[in-house]
Amino acid sequence: MTPTESKFQTELEIFDGEIRSAIQFFYFHISIHQNAGRDRTILDAVNRDLLFWNTALGATQTALFITLGRMFDQDSNSHGVKRLVGMAKNNIDMFSLSALSERKRMSSPNADEWLPDYLRSAYVPSMRDFARMERYLSKYEKVYERSYSRLRKKFFAHKDRIDLDEVENLFSKTKVLELRRMLGFLHRLHDALWQLFCNGRKPLLWDYSSENVELQSRMSAQIERILNSLARSSRS
């Protein structure tokens, strides 16, 4: 693996950690509210230890906005998504059949037995593929700048002196479904780049909201189990 490929793989791994963390923070927050909203006994259990739950919710909300800021950071020295896509676009030779072949040989001692057939169905991207990624990304960069960037900078990251009306106005611009779709896109973009780099699969970037379903389901199930246990103990 060349130094450029190794660096790109590292950036993929870093971004994978960022988007997974953001999804965890988001669904922790959502799952608490959903469970407490549909079950009175769970709501009572939460209210019984309200200081703890407010602390947990506040911490995950702050962590979510800080992580979003890192992912959409425009600095060329950051680990942001724009830099990740730029690295892929500017080093398109990383995705050639010969480069993919070398990476596969590194991880498989018997590559000669299966690699020729594998490479026949591998996808080699063109600049049009990366231009399409940039168009999708640009859409969500605008969403972030419109509804989340100022709130992160003014309220979560730096605590500027702003009045309550401005805080409420900033929060009013955020939408749960919009944020879910944005996280879903970022996860899908990472997955597309990873599959292209590691397996030579064509990147698919349709706009959908069913991001990391396994992680979402695990988080929701764990929160529900914990809250149900608290509700049962409060009744006994």
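Overview of the structure. (Residues numbered from 1 in each chain as written. Predicted model: local features only at pLDDT ≥ 70, side-chain atom pairs only at ≥ 80, totals over all residues. Heavy atoms only, no water.)

As for the overall build of the protein
This is how it is decided: Strands are runs of DSSP state E lasting at least 2 residues, helices are runs of H or I lasting at least 4, and numbering of each runs from the N terminus. Burial here depends on accessible area, computed with a 1.4 Å probe over protein chains only, as a share of the maximum for the residue type. Under 20% is buried, over 50% is exposed, and the range in between is partly exposed. In what follows, residue pairs with any heavy atoms lying within 4.5 Å of each other are defined as contacts.
The helix and strand tally for the protein stands at 11 helices and zero strands. When its helices and strands are written in sequence order, the protein yields α-α-α-α-α-α-α-α-α-α-α. For the protein, the proportion of its 236 residues judged to be buried stands at 42%. Excluding contacts between residues fewer than 6 apart, the proportion of contacts in the protein whose partners are at least 24 apart in sequence is 78%.

So, the packing of aromatic side chains
Stated formally: Only the six-membered ring of Trp is used, alongside the rings of Phe and Tyr, when aromatic pairs are assigned; centres must lie within 6.5 Å, and planes under 30 degrees apart are stacked while those over 60 apart are edge-to-face, with the rest tilted.
Scanning the model with the defined rule gives 11 aromatic pairs in all. Ring geometry for Phe 8 versus Phe 95: centroids 5.9 Å apart, planes at 90°, classification edge-to-face. Of this pair, Phe 8 sits in helix H1 (residues 3–38) while Phe 95 sits in the loop between helix H4 (81–90) and helix H5 (97–107), and the two are 87 residues apart along the sequence. Taking the relative accessible area as the measure of exposure, Phe 8 reaches 0% and is therefore buried. Residue classification places Phe 95 among the buried residues on the basis of a relative accessible area of 3%. Ring geometry for Tyr 136 and Phe 185: centres 6.1 Å apart, planes at 10°, overall stacked. Pair noted here: Tyr 136 is in helix H7 (residues 127–147) and Phe 185 is in helix H10 (residues 176–199), with a separation of 49 residues, a long-range link. According to the relative accessible area criterion, Tyr 136 is partly exposed, its value standing at 25%. A network of ring pairs unites the aromatic residues Phe 8, Phe 95, Phe 130 and Phe 197 as a single cluster.

Concerning the packing of H7 against H10
Basically, it comes down to this: Interaxial angle, 0 to 180 degrees, is taken between N-to-C directions of lines fitted to C-alpha atoms, where a helix line uses only the stretch in contact. Angles are sorted into four bins: roughly parallel if under 35 degrees, roughly antiparallel if over 145, roughly perpendicular if 65 to 115, and oblique for all others. In this scheme the crossing of two helices becomes right-handed for a clockwise turn of the near helix relative to the far one and left-handed for an anticlockwise turn of less than a right angle. Only Asp, Glu, Lys and Arg are considered charged, only Ala, Val, Leu, Ile, Met, Phe, Trp, Tyr, Cys and Pro nonpolar, and every remaining residue, Gly among them, polar.
Packing of H7 against H10 leaves a shortest axis separation of 11 Å and a crossing angle of 150°. The orientation of H7 relative to H10 falls into the category roughly antiparallel. The interaxial crossing formed by H7 with H10 has left-handed handedness. Along its contact with H7, which presents Phe 130, Met 133, Tyr 136, Leu 137, Tyr 140, Val 143, Tyr 144, Arg 146 and Ser 147, the element H10 presents Glu 178, Arg 181, Met 182, Phe 185, Leu 189, Leu 193 and Leu 196. Of the residues assigned to the contact of H7 with H10, the class counts are 12 nonpolar, one polar and three charged.

Focus on helix H3 (residues 50–71)
Applicable threshold: Here a helix's expected span is defined as the number of its residues, less one, multiplied by 1.5 Å.
With 22 residues, H3 should cover 32 Å at 1.5 Å per step; its first-to-last C-alpha distance of 31 Å lies within 8% of that length. Trp 53, Ala 56, Leu 57, Thr 60, Leu 64, Phe 65, Thr 67, Leu 68, Gly 69 and Met 71 are the residues of H3 that are buried.

Examining the nonpolar core
We apply this condition: Joining through side-chain atoms within 4.5 Å is the link that ties buried Ala, Val, Leu, Ile, Met, Phe, Trp, Tyr and Cys residues into a set, and such a set is a nonpolar core.
Grouped together as the largest cluster of nonpolar side chains are 54 residues, with contacts concentrated most on Phe 8, Leu 68, Phe 72, Met 182, Leu 183 and Leu 193. Listed by contribution, the elements that provide at least two residues to this core are H1, helix H2 (40–48), H3, H4, H7, H10 and helix H11 (213–235). Phe 72 has contacts with Val 81, Leu 137, Tyr 140, Glu 141, Tyr 144, Met 182 and Leu 186, leaving out every residue within four places of it along the chain. Listed in part, the five residues of the second largest apolar core include Leu 100, Ala 111, Leu 119 and Ala 122.

Re the environment of Ser 220
Relative to the helices and strands, Ser 220 is located in helix H11. For the pair Ser 220 and Ser 31, spaced 189 residues apart in sequence, the C-alpha to C-alpha distance is 5.6 Å.

As for the environment of Ala 45
Looking at where Ala 45 falls in the secondary structure, it is placed in helix H2. Between the alpha carbons of Ala 45 and Leu 227 there is a distance of 7.6 Å; along the sequence they are 182 residues apart.

Thoughts on the pattern of salt bridges
The cut-off we apply is this: Any carboxyl oxygen of Asp or Glu within 4 Å of a side-chain nitrogen of Lys or Arg constitutes a salt bridge here.
Under the counting rule described, the total for this entry stands at 13 salt bridges. Close ionic contact of Arg 70 with Glu 18 constitutes a salt bridge, the shortest N to O distance being 2.7 Å. Here Glu 18 lies in helix H1 and Arg 70 lies in helix H3, a separation of 52 residues in the sequence. Looking at Arg 70, the relative accessible area reads 37%, which means it is partly exposed. Between Glu 134 and Lys 89 there is a salt bridge, with the nearest N and O atoms lying 3.0 Å from each other. Pair noted here: Glu 134 is in helix H7 and Lys 89 is in helix H4, with a separation of 45 residues, a long-range link. Given the relative accessible area of 30%, Glu 134 is considered partly exposed.

This is a description of form; function is not addressed.
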